[in-house]
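What follows is the residue order along each chain.
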Amino acid sequence: MEGKSNMYEGVEVVGREVKVANKRGAGGCEGLLRVLGFVFCLSAAVILGVDKQTKIVSLQLVPTLPPINVPAHAKWYYLSAFKYFVVAHAIACSYAVLSLLLSLGNRGGKRGNISLGIAMADIVMVALLFSSNGAAVSIGLMGYQGNSHVQWKEVCNVFGKFCHQAAAAFVVSALGAIAFLLLIVFALKRLHKK
């Protein structure tokens, strides 16, 4: 069997070496997931990064006087959780491009150290994306529902467009985080096969 070459479902066994006939399957899927991660993270950062709304709000200072109309502004950078969200997604976009270039440049060579480094960085990106999404969603829920215990009123009834655009950014961000999570699953599957 040492000198023979056998073919079993796309796997060629030559002596003690195993050669896979279709190497592009996993690499193409990984590349697609990295591109999707980039697109989703960039979209989420842009959607929230341009989010702002101005409304005229009536304030009654004294019950005997008529209300005063005051312009009120809602902007993403007024909230530190939203700043963290945008910065984390900018980092994830940069990483997605860098990791895509590294994985494409390393296709023909040894995959060991670079693949391990990329997989570890993917784990960091998943943690970063899910934590930034969680922080932003918690503040978004506070704006949507308010908190009666600390006397914070809901603001989404006034700034509806702002809240809907932020919610769209959160959904797109979750898709980007899932794309990076699937990259980790594929890396673990590849490791398990070894």
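Because the structure is a prediction, the values reported are computed rather than measured.

Trainee: Report on the packing of aromatic side chains, specifying residues and quantitative values.
Mentor: For the structure shown, the criterion picks out six aromatic pairs. Where Y77 meets Y78, the ring centres are 5.4 Å apart and the plane angle is 80 degrees; that geometry is what we call edge-to-face. Among the residues examined, Y78 registers a relative accessible area of 48% and is labelled partly exposed. Both rings, one in F82 and one in F162, keep their centres 6.3 Å apart while their planes meet at 40 degrees; by these two values the pair is tilted. Here F162 lies in helix α4 (residues 160–193) and F82 lies in helix α2 (residues 80–105), a separation of 80 residues in the sequence. In this pair, the class of F82 matches that of F162, namely buried.

Trainee: So, a nonpolar patch on the surface: which residues are in play, and what are the values?
Mentor: On the surface, a nonpolar cluster with roughly 650 Å² of combined accessible area is contributed by F130, V171, L175, I178, L181, L182, V185 and F186. Inspection of the secondary structure puts V185 in helix α4.

Trainee: An account of the side chain of S173 is requested, with residue identities and associated values reported.
Mentor: Here S173 lies in helix α4. Of the residues examined, S173 reaches a relative accessible area of 0% and is grouped as buried.

Trainee: Account for unusual backbone geometry, with residues named and values stated.
Mentor: At Q151, a residue that is not glycine, the phi angle is positive and equals roughly 65 degrees. With respect to the helices, strands and loops of the structure, Q151 is situated in the loop between α3 (112–145) and α4.

Trainee: Requested: an account of the packing of α2 against α4, with residues and values cited.
Mentor: Contact geometry for α2 and α4: axes closest at 12 Å, N-to-C directions at 35 degrees. Handedness of the crossing formed by α2 with α4: left-handed. Residues F82, F85, H89, A92, Y95 and A96 of α2 lie in contact with α4, whose contacting residues are F162, A166, A169, F170, S173 and F180. Of the residues assigned to the contact of α2 with α4, the class counts are ten nonpolar, two polar and no charged.

Trainee: I'd love a proper account of the pattern of salt bridges, names of residues and values included.
Mentor: Tallied over the full model, the rule gives two salt bridges. We note a salt bridge from R34 to E30, for which the minimum N-O separation is 3.4 Å. Residue R34 and its partner E30 are located together in helix α1 (residues 24–49), separated by four residues, close to a single helical turn. Neither residue differs from the other here; R34 and E30 are each classed as buried. Among the ionic pairs, R34 bridges to D122, the shortest N-O distance being 2.9 Å. With a gap of 88 residues between them, R34 in helix α1 and D122 in helix α3 connect regions that are remote in the sequence. Summarising the burial analysis for this pair, R34 and D122 share the class buried. Connected through salt bridges with shared partners, the residues E30, R34 and D122 form a single ionic network.

Trainee: Hey, could you go over the environment of V86 for me, with residue numbers and the actual values?
Mentor: With respect to the secondary-structure elements, V86 resides in helix α2. Apart from residues lying up to four places away in sequence, V86 is in contact with A45, L48, G49 and W76.

What counts and what doesn't
- Residues numbered from 1 in each chain as written.
- Predicted model: local features only at pLDDT ≥ 70, side-chain atom pairs only at ≥ 80, totals over all residues.
- Heavy atoms only, no water.
- Phe/Tyr/Trp six-rings, centres within 6.5 Å; stacked < 30°, edge-to-face > 60°.
- Buried < 20%, exposed > 50% of the residue type's maximum accessible area, 1.4 Å probe, protein only.
- Helix = DSSP H or I, 4+ residues; strand = E, 2+ residues; numbered from the N terminus.
- Patch = residues over 30% accessible without salt bridge, like charges linked within 9 Å, V, L, I, M, F, W, Y side chains within 5 Å.
- Areas by Shrake-Rupley, 256 points an atom, 1.4 Å probe, with all protein chains shown as cover.
- Salt bridge = Lys/Arg side-chain N within 4 Å of Asp/Glu carboxyl O.
- Axes fitted to C-alpha atoms, helices over the stretch in contact; angles between N-to-C directions.
- Left-handed = near helix turned anticlockwise from the far one by under 90°.
- Contact = heavy atoms within 4.5 Å.
- Nonpolar A, V, L, I, M, F, W, Y, C, P; charged D, E, K, R; others polar.

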